[in-house]
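Observations on the three-dimensional arrangement
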Amino acid sequence: MSDCLFCKIIAGEIPSNKVYEDDLCYAFYDIDPQAPTHFLVIPKAHIQSVSAVTEENAPVVGHIFAVIAKLAGELGLESYRVVSNIGAQAGQSVFHLHFHVLSGRDMTWPPG
Ligand code: 5GP
Ligand code: ZN
């Protein structure tokens, strides 16, 4: 999608601090980290949010979770939180599916 911030990051039109990349997904550090480790994992295909996941595009979500587990292991994250905000009221500000991976500090439940 031409006017999507994360599609521009995937295309390299906007610089980012890359953690990992493969044919299906891209991982990069959040520009405004909310924990000592905070990166985002996104599908290369534009999907608006979890609300736009279907049986057809769902395999990339499973792949992203396998990538998250691999990266967490490589980065030595023993405890971490994976978050996806869906819709503005839940805190979504970029409407390209992304999973936040946060680690390195105590976290509260329920989230705010
Ligand atoms: P959301 O608020 O939609 O759940 O998450 C979007 C995330 O993208 C936010 O945590 C925000 O800090 C991050 N973000 C927004 N613009 C940029 C950017 O240009 N580069 C990077 N690396 N992260 C961004
Ligand atoms: Zn996009």
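One structure accompanies this document, and this report is about it. (Residues numbered from 1 in each chain as written. Chains lettered and ligands numbered in written order. Predicted model: local features only at pLDDT ≥ 70, side-chain atom pairs only at ≥ 80, totals over all residues. Heavy atoms only, no water.)

One recurring pattern in soluble globular proteins is that nonpolar side chains are buried together. Judged by nonpolar contacts, the single largest core of 17 residues is most densely connected at Val41 and Ile64. Put simply, the parts of the chain that give this core at least two residues each are strand E2 (25-29), strand E3 (37-43), helix H2 (59-75) and strand E5 (99-103). In terms of residue count, the dominant contributor to this core is H2 (7 residues). With sequence-adjacent residues up to four places away left out, isoleucine 64 is seen in contact with Cys25, Val41, Ile42, Pro43 and Phe99. (Core = buried A, V, L, I, M, F, W, Y, C linked by side-chain atoms within 4.5 Å. Buried < 20%, exposed > 50% of the residue type's maximum accessible area, 1.4 Å probe, protein only. Helix = DSSP H or I, 4+ residues; strand = E, 2+ residues; numbered from the N terminus. Contact = heavy atoms within 4.5 Å.)

This part covers the coordination of the zinc ion (ligand 2). Looking at the zinc ion (ligand 2), the protein donor atoms are Cys4 (SG), Cys7 (SG), His46 (ND1) and His96 (ND1), and they sit 2.1 to 2.3 Å from it. Around the zinc ion (ligand 2) sit 4 donor atoms, and with donor-metal-donor angles ranging over 103 to 117° the site reads as tetrahedral. Along the chain, the residues donating to the zinc ion (ligand 2) are arranged with the sequence spacing C-x2-C-x38-H-x49-H. A residue pair is termed long-range when its members are at least 10 positions apart, and cysteine 7 in helix H1 (residues 5-11) and histidine 46 in the loop between E3 and H2 qualify at 39 residues. Here cysteine 7 falls in the buried class, since its relative accessible area comes to 13%. (Donors = N, O, S within 2.8 Å, 3.2 Å for Na, K, Ca; no water. Tetrahedral: all angles 85-135°; square planar, octahedral: opposite > 155°, others 65-115°.)

This next bit is on the pattern of salt bridges. A side chain of one charge can pair with a side chain of the opposite charge if their charged atoms are brought near each other. One pass over the structure, following the stated rule, counts 3 salt bridges. With a shortest N-O distance of 2.9 Å, lysine 18 and glutamate 21 are connected by a salt bridge. A relative accessible area of 45% means that lysine 18 is categorised as partly exposed. The exposure class of glutamate 21 is partly exposed, given its relative accessible area of 34%. A cluster of three or more residues bridged by salt bridges with shared partners is formed by Lys18, Glu21 and Lys44. (Salt bridge = Lys/Arg side-chain N within 4 Å of Asp/Glu carboxyl O.)

Attention now moves to the site of ligand 1. In the vicinity of ligand 1 lie 16 residues, with Asp30, Asn85, Gly91, Ser93 and His100 positioned nearest. Interatomic distance of 3.3 Å between a backbone N/O atom of isoleucine 31 and a nitrogen atom of ligand 1. Relative to its free-state accessible area of 520 Å², ligand 1 is covered by the protein chains to the extent of 83%. Listing elements by their share of the shell around ligand 1, those giving two or more residues are H1 and E2. Here the element with the most residues in the shell around ligand 1 is H1; it accounts for 3 residues. (Near = heavy atom within 4 Å. Polar contact = N/O pair within 3.5 Å; in protein donor to acceptor, adjacent residues only side chain to side chain. Areas by Shrake-Rupley, 256 points an atom, 1.4 Å probe, with all protein chains shown as cover.)

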